[in-house]
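Structure assessment
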Amino acid sequence: MSLKRLLSLVVVLSMVALISLTGCGSKPDSVTDATPEAIKYPTKPIILYVGYSAGGSSDLLCRILAAKMESYIGQPITVVNKTGGGGWVAWSEMIRSVKPDGYTFSLINTPNYPLGKYDTANPREYSYDALDVLVNHVTDYNVIAVRNDDERFKDFKSFVEYAKNNEVIAGSSATGIMSDDGTIIDILNKDLGTKITIVQTAGAKDNETLLLNKSADILIGNVSDVFTGKNNEDFNVLSVFSPERIGLMSDVPTAKELGFGEIYGNSSRGYAIPKGVDSQIREILVDALDKTINDPEVIKQLEDMGAETEYIEGDAYIKFLEDGIRRAKGVYGIE
Amino acid sequence: MSPLTKQDLTVGVVIYTVLIWFFVQTQSMLSDSSLFPRLIIGIFAILNTFMIIRAFKEKGSAKLSIQELKMPLLIFLGIVVYVIMFRFIGYFISTAIMMLGMMILFKVKPFYKIVAVILGYCMFVYVLFVMQLNVIL
Amino acid sequence: MIVQAIQLFFTPEVLIACIIGVIGGITVGALPGLSASMAVALLIPITFKMSPAAGLVLLVSVYTAAIYGGSITAVLIHTPGTPSSAATALDGYEMTKKGKGLKAIGIVTIASMLGGTFSALALLFIAPKLAQISLKFTSLEYFFIAVFGLTIIGSLAGKSMVKGLMSGMFGLLVGCIGLDIMNGTPRFTMGIINLESGISLVPAMIGMFSISQVLISVEEIRKGKTRILDEGVSGLQGKMIPTKAEFLKIFPTILRSSVIGTIVGILPGAGSDIGSWVSYNNAKQFSRTPEEFGNGSMEGIAAAEAANNAVTGGALIPLLTLGIPGSGVTAIMLGGLMIKGLVPGHKLFTESGNITYAIIIGFLVANILMGIIGLLIAKQVVKVSVVPMTILCPIIIGLSTVGAYAINNSIFDIYIMIVGGIIGYFMRKIGFATAPIILGLILGPLAEQNFRQSLVLSRGNMFGYFLSRPISIFLAVLVIISLFSPIIMKTFSKNTTESTPADTAKI
């Protein structure tokens, strides 16, 4: 075959290949606004960013949500893990480069998202209003748990007494303002005079392991962390740090009702979108989230995993976040 | 025959430079955090010194020839360009171009083989990644 | 209850789940970049619509099959499909170059199958007891295990011990990149947020193994050599199934490695990657032909593969009995379990017993099935080593790129892959082994974190704390033996290749 023929064959084949490949592999375009009255949304799959790794509780929450939300919003929701920076790789991208077209939303969780700005080791640029926060999905209150056979503490009162005079070890996966467990520990040490020493771990599961293998004395974690252990009767949950007793563990007293004051802490998860999304699109999204989050099947699935649904929307959600920020700043004396 | 050569002297110098950079970075860390890295840098530096001393005594001069490196570096450059293309034009087109270019460079004959491989590969990746695993390419 | 479980297992839905899981797992595991954890994570939503038994059988089948699958590409094209097969890539590829790829695949398949089955039996019969053992291990023990793993660096050094150790140091240093877990300070991150969690292992590995291999192959293409097989090797040699003699030689290794793998598996957080390295090192120490390691040792690949599959069953033990995952992949499965209402603990083995035992049986069957399927397709699969490198190289580049990207949908990971590739290439050119870097990267953070945790847990009295923990003492002794064994072996070896006696002493 002569060079010229070969060349033209190459050109033709390349064009054919390119055209067909463009068909299969093109990136989704952004939706341009249709006429104001009849917004056609959504017309293609929606992406949900999770700033945590696959299989973790945040990831599972999103996958459960995504599976159900498709039937309410009409398009599949694709969960994309964008891990790193304690969630901030995903949020930085949401804030800086994601288009406000309603086709990408993200999980946000406390304390990492709203308090990132106040992290002493690694302060973030943005405060919580850098994104448009939509709704809250689950609120996981902090608890204190001990081994069921531990003779030293039968209840919260006896724990506090013991810990005032003896060093007690607890695992914690982050410290200070950036950690809900860490903050509770700091509150207990500061306000109640306990001597809790923290051993740093990589995550909640490690904290649980440390308690089970007797390296740690107590576990300060969230309800979902101790759920399994409590059901297996390995753990005794001494108290929950919430305003009222919670449904999933109704036999556990709150610190407040035991007379220790308003010691509250939680880690909550919700969703947010970039600022500037069209209000109609926003409404459709929130409506679908509302229906999904309050769907009895979804609520049950989450309960089985120890996660308590608490749907909060709009201004109430903003207030919820701000309350949390104010409390945390108060503990650490930040203005 | 020792595996070290005179060329390792240059390597040693490069390593020292890198170690110095790492060490400077540790200045801005909390003391607890910098302990382990400094320990490693220290051991690394000692090992490097051993290597340089032994390389000094070596008579062999097995060097990397530029000729040898040309092709791999060219391909490496190609990979870098490929990744940049990936960002802007999408996976499938950039992969098709990359494969086309490489196989022509490697003189794969006949031409229909190249096309078959490209099409087959793209189809495989599409079915597996985009359809089954929902990866966005 | 076992009878009910067996009945449950032999329903169509569950059986199909098992078969698809094995086939899918082998495929996904083989592809570079797609790891077992990714496969399991992506399958979880699919299990929502399945019955609990079927869904979980699918997940465990994929898990063990993927860990096996990674060894296929590790052996044939020096590209570990999963991090757990990095050790296999060393010797497996050497065997392929000599045309013994078929035998290598055979050994790897059999070893994986035996290792996985061993751990499945452990899971079936003595899970609760083993779970209690796992609770005896805490930070100090993990520290010693990590250090034990690091002593392997010496034996992976290749021709120059000094350079090998330096590679290891480099790996340890790079492992420090990221936020210090103990106090959140950034270390060597240069303000790049993507580096805060450290250098991702899989893209780095893909870069250092696959991309660097491509670059090296390209040199050879230029010289006119277009096949993986070495000069003088005409084609695929040998049979797939090892001969009786060969099998007798490697069987003790497989047995030992299965035990090691199962134990590593029951330790929370220690997964197949650690298991394969510890077992490889152990096999080298016990071997009568240690010089083969790194050059195509059958014992080596058998050890690594038996162990990494044994980890899968081991990891399921604390997961099911305590709700504490034994490895990264089982951490993902925990969610899959809980969504189905299967809460780990003794209730799992009593109230939900028939489902749980069906899952365990499914896991056992999956391991055996995986071996059978592997052997059946081995002859076809091994033909990859005869495909000309001119076609393989572009494919490997394309596959590596999509694999590195797909893990986290992150272009940054591809950058890591590229950097890993060029560093790996130059290191190999100038005589630095690359395997120690991976070891340092995995084990360095483990060692450092656990040591610092131990400091807190010892409550100020480290010496007393250490002496009160028999397992730590035992492991520390192992570490010392491991550290000095290369020196002892070198001093007693008759064929020293070092020119001066001073070199032998100066490790």
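Rules of the game
Residues numbered from 1 in each chain as written. Chains lettered and ligands numbered in written order. Predicted model: local features only at pLDDT ≥ 70, side-chain atom pairs only at ≥ 80, totals over all residues. Heavy atoms only, no water. UniProt positions renumbered as here; feature names shortened; annotations may be inferred. Domains from an automatic or database assignment. Contact = heavy atoms within 4.5 Å. Buried area = accessible area lost by both parts, 1.4 Å probe. Salt bridge = Lys/Arg side-chain N within 4 Å of Asp/Glu carboxyl O. Polar contact = N/O pair within 3.5 Å; in protein donor to acceptor, adjacent residues only side chain to side chain. Nonpolar A, V, L, I, M, F, W, Y, C, P; charged D, E, K, R; others polar. Buried < 20%, exposed > 50% of the residue type's maximum accessible area, 1.4 Å probe, protein only. Helix = DSSP H or I, 4+ residues; strand = E, 2+ residues; numbered from the N terminus. Arc of directions from axis to C-beta. Axes fitted to C-alpha atoms, helices over the stretch in contact; angles between N-to-C directions. Parallel < 35°, antiparallel > 145°, perpendicular 65-115°, else oblique. Disulfide = S-S within 2.5 Å. Left-handed = near helix turned anticlockwise from the far one by under 90°.

- Going by an unreviewed UniProt entry, chain B carries the name Tripartite tricarboxylate transporter TctB family protein and comes from Anaerovirgula multivorans.

- As annotated in an unreviewed UniProt entry, chain A carries the name Tripartite-type tricarboxylate transporter, receptor component TctC and is attributed to Anaerovirgula multivorans.
- Recorded in UniProt under Sequence similarities (unreviewed entry), the annotation for chain A is "Belongs to the UPF0065 (bug) family."

1. Focus on the domain arrangement of chain B
- According to the domain assignment, chain B consists of domain 1 (3–57) and domain 2 (66–132).
- Spacing between the C-alpha centres of domain 1 of chain B and domain 2 of chain B amounts to 38 Å.

2. Some words on the interface of chain C and chain B
- Every contact between the two is made by 58 residues of chain C and, on the other side, 60 residues of chain B.
- Carbon and sulfur atoms make up 82% of the area that chain C and chain B hide from each other, which totals about 5,600 Å².
- Three residues, Met166(C), Leu173(C) and Phe188(C), lead the burial of chain C against chain B; their summed loss comes to 11% of the area buried on that side.
- Applying the counting criterion to the chain C and chain B interface returns zero salt bridges.
- For the pair chain C and chain B, the number of links is seven residue pairs in polar contact (both at pLDDT 80 or more).
- Among the residues making up the side of chain C that touches chain B, the classes are represented as 36 nonpolar, nine polar and 13 charged.

3. Some thoughts on helix α5 (residues 156–165) of chain A
- Of the residues making up α5(A), those classed as buried are Phe156(A), Phe159(A), Val160(A) and Ala163(A). For α5(A), the buried positions fall inside an angular range of 95° around the axis, keeping them on one side.

4. Some words on the side chain of Asn309(C)
Residues and elements named next belong to chain C.
- Along the polypeptide, Asn309 turns up in helix α13 (residues 298–322).
- With relative accessibility at 0%, the residue Asn309 sits in the buried group.
- Polar side-chain contacts of Asn309 include one of 2.9 Å to the side chain of Thr64.
- Non-local contacts of Asn309, meaning those with residues more than four positions away in its chain, are made with Thr64, Ile67, Tyr68, Ser112, Gly115, Gly116, Ser119, Asn367 and Met370.

5. Notes on the UniProt feature "transmembrane region" (unreviewed entry) in chain B
Residues and elements named next belong to chain B.
- What UniProt calls "transmembrane region" (unreviewed entry) maps, in this numbering, to residues 7–24, 36–53, 74–105 and 111–131.
- For residues 7–24, the end-to-end C-alpha separation is 27 Å, with 100% helix and 0% strand making up the annotated structure.
- Secondary structure over residues 36–53 splits into 100% helix and 0% strand, and the C-alpha atoms at its two ends are 26 Å apart.

6. Some remarks on the packing of helix α10 (residues 201–222) of chain C against helix α19 (residues 435–457) of chain C
All names here are of chain C.
- In contact at an axis separation of 11 Å, α10 and α19 are set at 175° when each is read in the N-to-C sense. When the interaxial angle is binned, α10 and α19 end up roughly antiparallel. The segment α10 lies against α19, with Leu201, Ala204, Met205, Met208 and Phe209 engaging Ile437, Ile438, Leu441 and Ile442.
- Residue composition of the contact of α10 with α19, grouped by class: nine nonpolar, no polar and no charged.

7. Side note on the state of the cysteines
- Taken as a whole and judged by the stated rule, the model has zero disulfides over all chains.
- For the unlinked cysteine Cys393(C), the closest cysteine sulfur is that of Cys122(B), found at 17 Å.
- Under the relative-accessibility criterion, Cys393(C) is labelled buried at 2%.

8. Observations concerning the packing of helix α4 (residues 91–105) of chain B against helix α17 (residues 389–408) of chain C
- Closest axis-to-axis distance for the α4(B)/α17(C) pair is 9 Å, and the angle between their directions is 155°. On the basis of the axis angle, α4(B) is roughly antiparallel to α17(C). Here α4(B) and α17(C) pass one another in a crossing that is right-handed. On α17(C), the residues touching Tyr91(B), Met98(B), Met99(B), Met102(B) and Met103(B) of α4(B) are Thr390(C), Ile391(C), Cys393(C), Pro394(C), Ile395(C), Ile397(C), Gly398(C), Leu399(C) and Val402(C).
- Residues that form the contact of α4(B) with α17(C) fall into these classes: 12 nonpolar, two polar and no charged.

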